[in-house]
Amino acid sequence: EVQLVESGGGLVQAGGSLRLSCAASGFTFDDYAIGWFRQAPGKEREGVSCISSSDGVTYYADSVKGRFTISRDWRSNSLALQMSSLQPDDTAVYYCKVRWRGNDYWGQGTQVTVSS
């Protein structure tokens, strides 16, 4: 059973930082892509950042480039998203997702709230 569990969300003032973590299990850590999505109230879910296991290529949404950094501990089951210079527009539920063997699996999400 594929399981993804996010943690690290919370309340932070604008300009602050947070580090999100995702504990992943239940699949073979060979060829897959894993990353973060977010969904703000009243808005569609959007991709934030992802990384592939095959070559380590990363992707960042334009809105977070230079502020967020994704990292993967290839020897463990964890994925991290270091977020800095947070803005109120970053407020959302952040989800960890893995694409493995053509299927997508999602965690339950962790709330990030940035106050002005």
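What comes next is a walk through the structure. Quick caveat: nothing in here was measured; it's all calculated off a predicted structure.

A few words on the overall build of the protein. The number of helices and strands found in the protein is 0 helices and 11 strands. Overall, the protein shows an N-to-C arrangement of helices and strands of β-β-β-β-β-β-β-β-β-β-β. The C-alpha radius of gyration of the protein comes to 14 Å, within 12% of the 13 Å expected for a compact globule of 116 residues. Counting only residues that meet the buried cut, the protein has 41% of its 116 residues in that class.

Moving on, we come to the side chain of Ser52. Here Ser52 lies in strand 5 (residues 46-52). Apart from residues lying up to four places away in sequence, Ser52 is in contact with Tyr32, Ala33, Val57 and Trp74.

As summarised here, the arrangement of the 4 strands in space is 1-3-8-7, forming an open sheet in which the pairing is antiparallel. Sheet topology places strand 1 (3-7) and strand 7 (68-73) at the edges, where each strand pairs with a single neighbour. Each strand axis lies, on average, 15° off the axis of its neighbour in the sheet, ignoring direction. Examined bridge by bridge, strand 1 and strand 3 (residues 18-25) share 5 bridges and lie antiparallel to one another. Across the sheet, Gln3 pairs through a bridge with Ser25, a residue of strand 3.

Turning next to the packing of aromatic side chains. For any pair of aromatic rings, the description consists of the separation of the ring centres together with the inter-plane angle of the planes. Enumeration over the complete set of coordinates arrives at 4 aromatic pairs. Ring geometry for Phe27 against Tyr32: centres 5.5 Å apart, planes inclined by 75°, an arrangement best described as edge-to-face. Within the aromatic cluster, the residues linked to one another by ring pairs are Phe27, Tyr32 and Trp100. Here the guanidinium or amino end of Arg45 rests over the ring plane of Tyr95, the centre of that ring lying 3.9 Å away. One cation-aromatic arrangement involves Arg45 over Trp106; the distance from NZ or CZ to the ring centre is 4.6 Å.

Tracing the backbone shows Phe37 in strand 4 (residues 32-39). Apart from residues lying up to four places away in sequence, Phe37 is in contact with Arg45, Glu46, Gly47, Val48, Val93, Tyr94, Tyr95, Lys97 and Trp106.

To continue, consider the state of the cysteines. Applying the stated criterion to the full structure yields 1 disulfide. One disulfide in the model links Cys22 with Cys96; its S-S distance is 2.2 Å. Judged by the torsion about the S-S bond (-80°), the Cys22/Cys96 disulfide is left-handed. Here Cys22 is found in strand 3, whereas its partner Cys96 is found in strand 9 (residues 92-100), with 74 residues between them in sequence. Given a relative accessible area of 0%, Cys96 falls into the buried group. Lacking any disulfide linkage, Cys50 is separated from the closest cysteine sulfur, that of Cys96, by 11 Å.

Each value, and the rule that gives it
- Residues numbered from 1 in each chain as written.
- Predicted model: local features only at pLDDT ≥ 70, side-chain atom pairs only at ≥ 80, totals over all residues.
- Heavy atoms only, no water.
- Helix = DSSP H or I, 4+ residues; strand = E, 2+ residues; numbered from the N terminus.
- Rg over C-alpha atoms; globule rule 2.2 N^0.38 Å.
- Buried < 20%, exposed > 50% of the residue type's maximum accessible area, 1.4 Å probe, protein only.
- Contact = heavy atoms within 4.5 Å.
- Pairing = 2+ DSSP bridges.
- Axes fitted to C-alpha atoms, helices over the stretch in contact; angles between N-to-C directions.
- Phe/Tyr/Trp six-rings, centres within 6.5 Å; stacked < 30°, edge-to-face > 60°.
- Lys NZ or Arg CZ within 6 Å of the ring centre and 35° of its normal.
- Disulfide = S-S within 2.5 Å.

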